[in-house]
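What the coordinates show
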Amino acid sequence: MQDSIENIGEEIVDEFNMFENWIDKYDYLIDLGKSLPKIDEKYKVEDNIITGCQSQVWLHAKQEDNKVVFIADSDAIMTKGIIAMLIRVLSGQKAEKIINTNLDFINKIGLNEQLSQTRANGLNSMIKQMKIYALAFKDK
Amino acid sequence: MYSPENIRKYFPILDSEVNQHKLVYLDNAATTQKHQSVIDTVSQFYEKENSNIHRGVHYLSQLSTNKFEQTRESVKNFINAQHTHEVIFTKGTTDSINLLAFSYSKILKKGDEVIVSEMEHHSNLVPWQMCCDYSQATLKVIPITNSGELDMSFFKKELSKKTKLVALTHISNSLGTINPIEKIIELTHQTDAKILIDGAQAAAHAKLDVQKLDVDFYCFSAHKLYGPTGVGVLYGKEKLLNMLPPYQGGGEMIKDVSIHKTTYAELPHKFEAGTPNIAGVIAFKKAIDFIEEIGVENMKEHEDILLNYATLKLEEIPNLSIIGTAPKKSGIISFVVSGIHHYDLGLILDKLGVAIRTGHHCTQPVMKKMNVSGTSRISFACYNTKTELDYTVDCIKKAIKMLS
Ligand SMILES: Cc1ncc(COP(=O)(O)O)c(C=O)c1O
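All of these numbers come straight from a predicted model, not from anything done at the bench.

What counts, and where the lines are drawn
Residues numbered from 1 in each chain as written. Chains lettered and ligands numbered in written order. Predicted model: local features only at pLDDT ≥ 70, side-chain atom pairs only at ≥ 80, totals over all residues. Heavy atoms only, no water. Contact = heavy atoms within 4.5 Å. Buried area = accessible area lost by both parts, 1.4 Å probe. Salt bridge = Lys/Arg side-chain N within 4 Å of Asp/Glu carboxyl O. Polar contact = N/O pair within 3.5 Å; in protein donor to acceptor, adjacent residues only side chain to side chain. Helix = DSSP H or I, 4+ residues; strand = E, 2+ residues; numbered from the N terminus. Nonpolar A, V, L, I, M, F, W, Y, C, P; charged D, E, K, R; others polar. Core = buried A, V, L, I, M, F, W, Y, C linked by side-chain atoms within 4.5 Å. Buried < 20%, exposed > 50% of the residue type's maximum accessible area, 1.4 Å probe, protein only. Domains from an automatic or database assignment. Patch = residues over 30% accessible without salt bridge, like charges linked within 9 Å, V, L, I, M, F, W, Y side chains within 5 Å. Areas by Shrake-Rupley, 256 points an atom, 1.4 Å probe, with all protein chains shown as cover. Expected span 1.5 Å × (residues − 1).

Some points on the interface of chain A and chain B
The interface is formed by 15 residues belonging to chain A together with 13 residues belonging to chain B. Between chain A and chain B, a total of about 1,400 Å² is buried, with carbon and sulfur atoms accounting for 65% of that surface. The interface formed by chain A and chain B includes zero salt bridges. Along the contact surface separating chain A from chain B lie four residue pairs in polar contact (both at pLDDT 80 or more). If you list the elements that add at least two residues to the side of chain A that touches chain B, you get α2 (22-35) and α3 (77-90) of chain A. For the side of chain A that touches chain B, the element with the most residues is α2 of chain A, which contributes six residues. Partitioned by chemical class, the residues of the side of chain A that touches chain B number seven nonpolar, four polar and four charged.

In structure tokens form, the structure reads like this:
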């Protein structure tokens, strides 16, 4: 059975808590970014670009077995790390769950504090776009 | 002896810590830090002198009016204008250019031409696109070369009887190029065209003499000159400013108002509608006093040393390329590291206390031309030191290592 969004979120919080200083946290984010699978160039189109990010972010979603699968990439590695986290939590979940979840874990790992307002806006637009995709699938 | 250490004592913010590191501030092209006397003057104004200018008979209003006008006198001397009323106070460079572009949009016609360049800050590009849209004039764009210089042969070819205005930057904010404005002004004046120089990046880094340059319009922002935000200057030759229609209507800019018809005030008030940033303008004088006390040429000499030093050190870093390699540059270095995104680099430097700028620097056409999505940019001011540059270069190496 698919782990719940909350459980995976907690898992990530635990992982981040293992690191004491920002360098290790950043290193971990960079590793996560590197682990994000390469996406097909056909998804890197204007329509999939999320506005409000300082780096380019492409996000695409499809529905498989009633679950929403996200495909995303960025040209900046830290952004990719954040995307990888969001994908780990949200990809493969039911649309309904994605729409209604609160992503507490982001606050708990202190990522929002790490990010300035402009960067936090980018993260928020990413999450918003993921929820919009989920909404579109739910109504289908 | 020029001593950045001494100068730093007057910039309290430079003592701060950021992310548990001593702040190294290398985003001076975006805005410079403020001199203690500027900070004190702003707070003293609100504590002891606050009142509106040009309007009251009472003591405080007289006092603030006098101080406000003293700054105008200082600016006049700073740029060596012929008349004090040729100095118009605005909100900043962007506001100065919008003022001029609005006024020109009223007098340009179809068939007229405006020339800008590919290296302009969006502030000296978008207002002219709008102006040409409104007036049906044509916008011509001088391309830049691979090293980031203006293509002068293109400029000479495009200058013609149709050219009404040339609007060019003195120093490029994303490449650091110092443009040969003396030559450009001379060429422009061989036709009937007028010329605006965007001096946002130059006023704190180059000695200015608008009469010797014979420039028609020149603008800059106080906040890039160790002064307050929300204050800018538009210099214009008296004859031209008199000829141009006003920009905004309102209080202060009128001579006589009846319900149907208004006659406009004399210069400079014609272009200064509404209550300005009084505290800011008054404090701006302190910034100019500071620059004149140290000497802008001495500052430039110091910044040139930093520029050369940092350029050499950065060039030693593998896979790092400097974008903008004109022979004449100001204290601005844009660079890219292959395989590494400027945003990632900026994030890590920030954690190490180093403030740099990343992105397109409001010059998207430059990024497009140079074939990069953005750059990392360090830019110097009179208070930066070699020690700070050593630390920054080490931090850049560390960041590259983390990100590779
Ligand atoms: C060359 C140039 N022009 C115009 C501007 C706009 O100045 P301001 O934002 O102070 O209006 C800047 C500021 O970055 C600049 O560097």
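Regarding the nonpolar core
All names here are of chain B. Membership of the largest hydrophobic core comes to 69 residues, with the highest contact counts inside it found for Tyr226 and Phe284. For this core, the element with the highest residue contribution is helix α10 (residues 278-294), accounting for eleven residues. Both of domain 1 (4-26 + 295-403) and domain 2 (39-293) provide at least three residues apiece to this core.

Points about a nonpolar patch on the surface
The grouping of Val126, Met130 and Tyr134 of chain B at the surface amounts to a nonpolar patch, some 300 Å² of accessible area in total. Turning to its location among the elements, valine 126 of chain B is positioned in helix α5 (residues 126-135).

A few points about the domain arrangement of chain B
Residues and elements named next belong to chain B. In terms of domain boundaries, chain B breaks down into domain 1 (4-26 + 295-403) and domain 2 (39-293). Across the contact, 34 residues belong to domain 1 and 33 residues belong to domain 2. Roughly 2,600 Å² is buried in total at the junction of domain 1 and domain 2, and carbon and sulfur atoms are behind 62% of that figure. When the buried area of domain 1 at its contact with domain 2 is split by residue, Val296, Ile332 and Lys369 rank highest and sum to 20% of it. At the surface where domain 1 touches domain 2, the tally comes to one salt bridge. The salt bridge involving lysine 369 is made with glutamate 118; its shortest N-O contact spans 3.5 Å.

Things to note about the side chain of lysine 34 of chain B
All names here are of chain B. Inspection of the secondary structure puts lysine 34 in the loop between β3 (24-25) and α2 (36-49). Within the structure, lysine 34 has its side chain in polar contact with the backbone oxygen of threonine 32 (distance 2.7 Å). Here glycine 227 takes part through its backbone oxygen, which lies 2.8 Å from a polar atom of the side chain of lysine 34. Apart from residues no more than four positions distant in its own chain, lysine 34 is found in contact with Tyr10, Phe11, Pro12, Ile39, His223, Tyr226 and Gly227.

What about α3 of chain A?
Residues and elements named next belong to chain A. For α3, with 14 residues, the first-to-last C-alpha span of 20 Å sits near the 20 Å given by 1.5 Å per residue. Among the 14 residues of α3, 13 are classified as buried, and the element is accordingly described as predominantly covered. The first or second residue beyond α3 is glycine 92, which carries a positive phi of 90°.

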